[in-house]
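Examination of the molecular architecture
Chain residues, written in single-letter form:
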Amino acid sequence: MTTLKKGDVAPAFTGTDQDGNTHQLADYAGKKLVVFFYPKASTPGCTAEACDLRDNFERFQANNYAILGVSADSAKAQAKFKDKYEFPFPLLADEDKSVIQAFGVWGPKKFMGKEYDGIHRTTFIIDENGIIDEVIADVKTKAHAAQILK
């Protein structure tokens, strides 16, 4: 699956959020950036994960972190998800999967005995200089902020 690891230079991505605003890695220079990839907006695990990050958002800000959520959902689905749960961070609508593939989180998955390609729930913590500081592949959706803010 993902080939990116701690110490690698983060991909110089560009993506569009739920409101049509462009975000790129360079925008976050000087800040630590949490990029969390999730399979689908408004599903139980993804909601739990994003709400946990929302509920701890002030702690992230206090530690100089910015947060960016990414899935292959449409901008409309991302906007609905963000508005419903009042997320204080942008959600990229990566319908062409360019950011997803740049980070290497697209690939074969298994669910209820069926195999298919999809997004692997993975979080990347990128330091102020654009270097990957940590890759969390075993995301605990209800306690994800604690995994990041150790």
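Above this text is the structure in question.
What comes next is a walk through the structure. These figures come from a predicted structure and were not determined experimentally.

Calculation criteria
Residues numbered from 1 in each chain as written. Predicted model: local features only at pLDDT ≥ 70, side-chain atom pairs only at ≥ 80, totals over all residues. Heavy atoms only, no water. Phe/Tyr/Trp six-rings, centres within 6.5 Å; stacked < 30°, edge-to-face > 60°. Helix = DSSP H or I, 4+ residues; strand = E, 2+ residues; numbered from the N terminus. Buried < 20%, exposed > 50% of the residue type's maximum accessible area, 1.4 Å probe, protein only. Lys NZ or Arg CZ within 6 Å of the ring centre and 35° of its normal. Salt bridge = Lys/Arg side-chain N within 4 Å of Asp/Glu carboxyl O. Core = buried A, V, L, I, M, F, W, Y, C linked by side-chain atoms within 4.5 Å. Contact = heavy atoms within 4.5 Å. Disulfide = S-S within 2.5 Å. Pairing = 2+ DSSP bridges.

1. Digging into the packing of aromatic side chains
This structure, assessed with the given rule, holds 13 aromatic pairs. Relative to Phe-103, the ring of Phe-37 lies with its centre 5.2 Å away and its plane at 50°, an arrangement referred to as tilted. In this pair, Phe-37 sits in strand β3 (residues 32-37) while Phe-103 sits in the loop between α4 (98-102) and β6 (106-111), placing the two residues 66 residues apart along the sequence. Taken as a pair, Phe-37 and Phe-103 share a single burial class, namely buried. Here the aromatic rings of Phe-57 and Phe-89 are separated by 6.2 Å at their centres, their planes lie at 45°, and the arrangement is tilted. Residue Phe-57 is located in helix α2 (residues 57-62), and its partner Phe-89 is located in the loop between α3 (75-85) and β5 (91-93); the two are separated by 32 residues in the primary sequence. Here Phe-89 falls in the buried class, since its relative accessible area comes to 1%. Over the ring of Trp-106 we find Lys-97; its NZ or CZ atom is 4.8 Å from the centre of that ring.

2. Let's talk about the pattern of salt bridges
Per the counting criterion, the structure on display carries eight salt bridges. Salt-bridge contacts for Asp-133 lead to Lys-6; the nearest nitrogen and oxygen are separated by 3.4 Å. Here Asp-133 is found in strand β9 (residues 132-136), whereas its partner Lys-6 is found in the segment before β1 (14-16), with 127 residues between them in sequence. With a relative accessible area of 60%, Lys-6 lands in the exposed category. Residue Lys-40 is joined to Asp-73 by a salt bridge in which the shortest nitrogen-to-oxygen separation is 3.4 Å.

3. Focus on the nonpolar core
Phe-36, Leu-53, Phe-60, Ile-67, Phe-89 and Ile-148 are the most contacted members of the largest nonpolar core, which totals 22 residues. Put simply, the parts of the chain that give this core at least two residues each are β3, α1 (44-55), α2, β4 (65-71) and α5 (144-148). Leaving out residues up to four positions away in the same chain, Ile-67 has contacts with Leu-33, Val-34, Phe-36, Leu-53, Phe-57, Phe-60, Phe-89 and Pro-90. Among the nonpolar cores identified, the runner-up in size contains 20 residues, and Val-35, Val-70, Ile-119 and Ile-126 belong to it.

4. Details of unusual backbone geometry
Here the phi dihedral of Asn-64 falls at roughly 65°; this positive angle occurs in a residue that is not glycine. With respect to the secondary-structure elements, Asn-64 resides in the loop between α2 and β4. For Asn-64, a relative accessible area of 27% gives the class partly exposed.

5. Looking at the state of the cysteines
Considering all chains together, one arrives at zero disulfides under this definition. The cysteine Cys-46 is free of any disulfide, with Cys-51 supplying the nearest cysteine sulfur at 11 Å. Cys-46 gets classed as buried once you look at its relative accessible area, which sits at 0%. Given a relative accessible area of 13%, Cys-51 falls into the buried group.

6. Some points on the pairing of β3
Extensive coverage of β3 is indicated by the burial of five of its six residues. Sheet analysis places β3 next to β4, joined by six bridges and oriented parallel. Of the residues in β4, the one forming a bridge with Val-35 is Leu-68. Pairing of β3 with strand β8 (residues 122-126), which is carried by five bridges, proceeds in the antiparallel orientation. Bridging from a neighbouring strand, Leu-33 pairs with Ile-126 of β8.

Scope: geometric values only; no functional claims are made or implied.
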